[in-house]
Amino acid sequence: MTGLEIAIIAFVLMLLAIFVRVPIAIAMGMAGFFGQWAFLGKTTPTLGLLKTLAYDTFSSYSLSIVPLFLLMGQFATKSGMSSALFEAASDWLGHRKGGIAMAAVGGCAGFGAVCGSSLATASTMGQVALPEMRKRGYSDALSTGVLAAGGTLGILIPPSVILVIYAMLAEQNIVKLFMAAMVPGILAALGYMLTVAIYVRVRPDSAGTAPRVPYKKRFKTLVKVWPVVVIFGLVIGGIAGDWNWSQPGIQALFSPTEGAAVGAVATGLYGVMTGGLNWRGFLDSVLGAANASAMIFLIILGAQVFNSFLATTQAPQQLAEWILAQGYGPYLVLTIMLLFYLVFGCIMDSLSMILLTIPIFIPIIEVLDFGMSAEDTAIWFGILALIVVEVGLITPPVGMNLFIINSMARDIPMSKTYQGVFPFVVSDLLRVVVLVMFPGITLWLVGVMF
């Protein structure tokens, strides 16, 4: 058999292993090990690789950005930022029809800017916003649906751990990816708010209103969210010039890894100063970040074994050549890839999807002619992939965010949550279509900054 045929068989067997609940890291590692054994006819090269692979992978300085951003998110969760963000958004929007739901979206967007995790954003904002919406007469469907959708902003709005992993796999500039995600992230939040506005007009009984808050109180609560703005600006603004190290006088404050460290320290200090982060909370945050990092690193190790197998067989390159030989249009190939993400994103977590597919998809995407450079194409595709994976988090039957939110209100039938999230899935799909048709929307800020 050819290397491509062996790779296809290994990939299918790996998916079957994942579906029968074999941990993704083990499934990828086994597929890589046995696939390489089948291709080479011996285990010596793979065993030699395993001897040094773990150290070579985890001793990478750039990989330290992952636990630092995770720690930043843990501190943000413990420090009470979510309450301040939701209160400020609610004071400004709550008196409007559907305003509390819009405020929940705004709170999710703000919290996502310092958290970087979809599940953490959905869980934390759900605890704050869900009781308020139910108290104000919002329907169960809209209350749970908007929070499940809003939670996905956590992995799209920078800083995002998934984007960091994508940058390493695709060998792209982390800062450029952060800049590319900014406009789609803002469009996502605005799209969700527009969806709420349409929803409450189609179903007027689905939302109540809150009393109008005096402007004095509005500005008072707005002042409380200044730490979020400062931390976000410090992290993203501080690393935004990293591309220009060679030009004297126009240097970044720090590298992306240093920016993650600064963000973690700043978020932790905010929590201590406000009293939201005590000693017990600090220990829980460190332990939570360590557990999440260990899980991510183990998946990365399994992916490295699988990627080594793909590199040995040259399967991605052979697949790219085969696709070019068939004469398929680039947008047809892109659509098939995005549909793959949409379907499998419903049953797999976003990190696993990215680690599993990027080594296969990137060589194909980079040889297709979208009228852009290979770098711009890889950045644009990364944002599209992230958005479609994000849609999988809220797509029935097994979208993870749906279960997170529903677990906070067990008296609400899951069918209501499915019903409520459907309009937001439509909003996401429309946004994907727009970004596919107009790549300049994604790449505009990258062009301005670079």
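Our subject is the structure listed above.
Residues numbered from 1 in each chain as written. Predicted model: local features only at pLDDT ≥ 70, side-chain atom pairs only at ≥ 80, totals over all residues. Heavy atoms only, no water.

## Observations regarding the overall build of the chain
A count of helices and strands for the chain gives 22 helices and zero strands. A globule of 450 residues ought to have a C-alpha radius of gyration of about 22 Å, and the chain, at 22 Å, matches this closely. With the C-alpha coordinates aligned to their principal axes, the bounding extent of the chain is approximately 75 × 50 × 45 Å. Within the chain, the fraction of its 450 residues that count as buried is 55%. Partitioning the contacts of the chain with sequence separation of at least 6, the portion at a separation of at least 24 is 79%. (Helix = DSSP H or I, 4+ residues; strand = E, 2+ residues; numbered from the N terminus. Rg over C-alpha atoms; globule rule 2.2 N^0.38 Å. Buried < 20%, exposed > 50% of the residue type's maximum accessible area, 1.4 Å probe, protein only. Contact = heavy atoms within 4.5 Å.)

## Examining the nonpolar core
Counting residues in hydrophobic clusters, the biggest one holds 154 residues, and the most contacted among them are Val66, Tyr341 and Phe381. In terms of residue count, the dominant contributor to this core is helix 11 (residues 174–202) (15 residues). For Tyr341, the contacting residues outside a window of four places in its chain are Met353, Thr357, Ile358, Phe361, Phe381, Ala385, Val388 and Val389. (Core = buried A, V, L, I, M, F, W, Y, C linked by side-chain atoms within 4.5 Å.)

## Concerning unusual backbone geometry
With an omega dihedral of 0°, the bond running from Pro158 to Pro159 counts as a cis peptide bond. Checked against the element boundaries, Pro159 lands in the loop between helix 9 (153–156) and helix 10 (161–170).

## Observations concerning helix 4 (residues 65–78)
In a regular helix each residue adds 1.5 Å, so 14 residues correspond to 20 Å; helix 4 covers 20 Å between its end C-alpha atoms and thus fits that length. Regarding helix 4, the residues found buried are Ile65, Val66, Phe69, Leu70, Leu71, Met72, Gly73, Phe75 and Ala76. (Expected span 1.5 Å × (residues − 1).)

## Overview of the pattern of salt bridges
In total, this model carries ten salt bridges according to the counting rule given. Measuring nitrogen to oxygen at the nearest pair gives 3.4 Å for the salt bridge that ties Glu132 to Lys135. Linking Glu132 with Lys135, this pair stays in helix 7 (residues 118–135), spanning three residues, or about one helical turn. For Lys135, a relative accessible area of 61% gives the class exposed. Its salt-bridge partner being Glu132, residue Arg136 comes within 3.0 Å of it at the nearest N-O pair. Bridged by salt links that share partners, the residues Glu87, Asp91 and Lys217 form one connected network. (Salt bridge = Lys/Arg side-chain N within 4 Å of Asp/Glu carboxyl O.)

## So, the side chain of Gln36
Here Gln36 shows up in helix 2 (residues 24–40). Gln36 gets classed as buried once you look at its relative accessible area, which sits at 5%. Ignoring sequence-local partners within four residues, the contact set of Gln36 consists of Gly41, Lys42, Thr46, Ser308, Phe309 and Thr312.

## Let's talk about the environment of Gly371
Here Gly371 lies in the loop between helix 18 (350–367) and helix 19 (374–392). What makes Gly371 exposed here is its relative accessible area of 66%. Put simply, Gly371 and Thr43 are 328 residues apart on the chain and 43 Å apart in space, counted from C-alpha to C-alpha.

## Here we look at the side chain of His95
Along the chain, the position of His95 falls in the loop between helix 5 (81–93) and helix 6 (99–115). Overall, the relative accessible area of 16% leaves His95 in the buried class. Here the side chain of His95 touches Arg212 through a polar contact of 3.4 Å, side chain to side chain. Filtering out sequence-adjacent residues up to four positions away, His95 remains in contact with Thr209, Ala210, Pro211, Arg212 and Arg218. (Polar contact = N/O pair within 3.5 Å; in protein donor to acceptor, adjacent residues only side chain to side chain.)

## Observations regarding the environment of Phe297
Tracing the sequence through the fold places Phe297 in helix 15 (residues 279–313). We classify Phe297 as buried; its relative accessible area is 18%. Separated by 240 residues in sequence, Phe297 and Thr57 place their C-alpha atoms 8.9 Å apart. Not counting the four nearest positions on each side in its chain, Phe297 is found in contact with Phe58, Leu63, Val66 and Pro67.

## Comments concerning the packing of aromatic side chains
A ring pair, where both rings are aromatic, is described by two values, the distance of the centres and the angle of the planes. For the structure on display, the rule yields 20 aromatic pairs. With 6.5 Å between their ring centres and 70° between their planes, Tyr331 and Trp380 make a pair best called edge-to-face. Of this pair, Tyr331 sits in helix 17 (residues 330–344) while Trp380 sits in helix 19; the two residues are 49 residues apart in sequence, bridging distant segments of the chain. For the ring pair Phe340 and Phe361, a centre distance of 5.9 Å and an interplane angle of 80° mean the geometry is edge-to-face. (Phe/Tyr/Trp six-rings, centres within 6.5 Å; stacked < 30°, edge-to-face > 60°.)

## Describing a nonpolar patch on the surface
A grouping of Met1, Ile8, Ile9, Val12, Leu13, Leu16, Phe19 and Val20 is seen on the molecular surface, where their side chains present a nonpolar patch of about 810 Å² in accessible area. Locating Ile9 in the fold gives a position in helix 1 (residues 3–19). (Patch = residues over 30% accessible without salt bridge, like charges linked within 9 Å, V, L, I, M, F, W, Y side chains within 5 Å. Areas by Shrake-Rupley, 256 points an atom, 1.4 Å probe, with all protein chains shown as cover.)

## Some details on the packing of helix 5 against helix 6
Two elements in contact, helix 5 and helix 6, have axes whose closest approach is 8 Å; the angle formed by their N-to-C orientations is 145°. The interaxial crossing formed by helix 5 with helix 6 has right-handed handedness. Across the interface between the two elements, Met81, Ser82, Leu85, Phe86, Ala89, Ser90 and Leu93 from helix 5 touch Gly99, Ile100, Met102, Ala103, Ala104, Gly107, Gly110, Phe111 and Val114 from helix 6. In the contact of helix 5 with helix 6, the residues fall into eleven nonpolar, five polar and no charged. (Axes fitted to C-alpha atoms, helices over the stretch in contact; angles between N-to-C directions. Left-handed = near helix turned anticlockwise from the far one by under 90°. Nonpolar A, V, L, I, M, F, W, Y, C, P; charged D, E, K, R; others polar.)

## Quick word on the environment of Met28
Within the element layout of this structure, Met28 appears in helix 2. The exposure class of Met28 is buried, given its relative accessible area of 0%. Taking the C-alpha atoms as reference points, Met28 and Ser117, separated by 89 residues in sequence, lie 23 Å from one another. If sequence neighbours within four positions are ignored, Met28 has contacts with Met14, Ile299, Gly302, Ala303, Phe306, Leu355 and Leu356.

## Here's the deal with the packing of helix 10 against helix 11
Look at helix 10 against helix 11: their axes get within 9 Å of each other, and the N-to-C directions meet at 135°. When the interaxial angle is binned, helix 10 and helix 11 end up oblique. Viewed along their axes, helix 10 and helix 11 form a crossing whose handedness is right-handed. Side by side, helix 10 and helix 11 meet where Leu163, Val164, Tyr166 and Ala167 of the first sit next to Ile174, Leu177, Phe178 and Ala181 of the second. Considered class by class, the residues forming the contact of helix 10 with helix 11 number eight nonpolar, no polar and no charged. (Parallel < 35°, antiparallel > 145°, perpendicular 65-115°, else oblique.)

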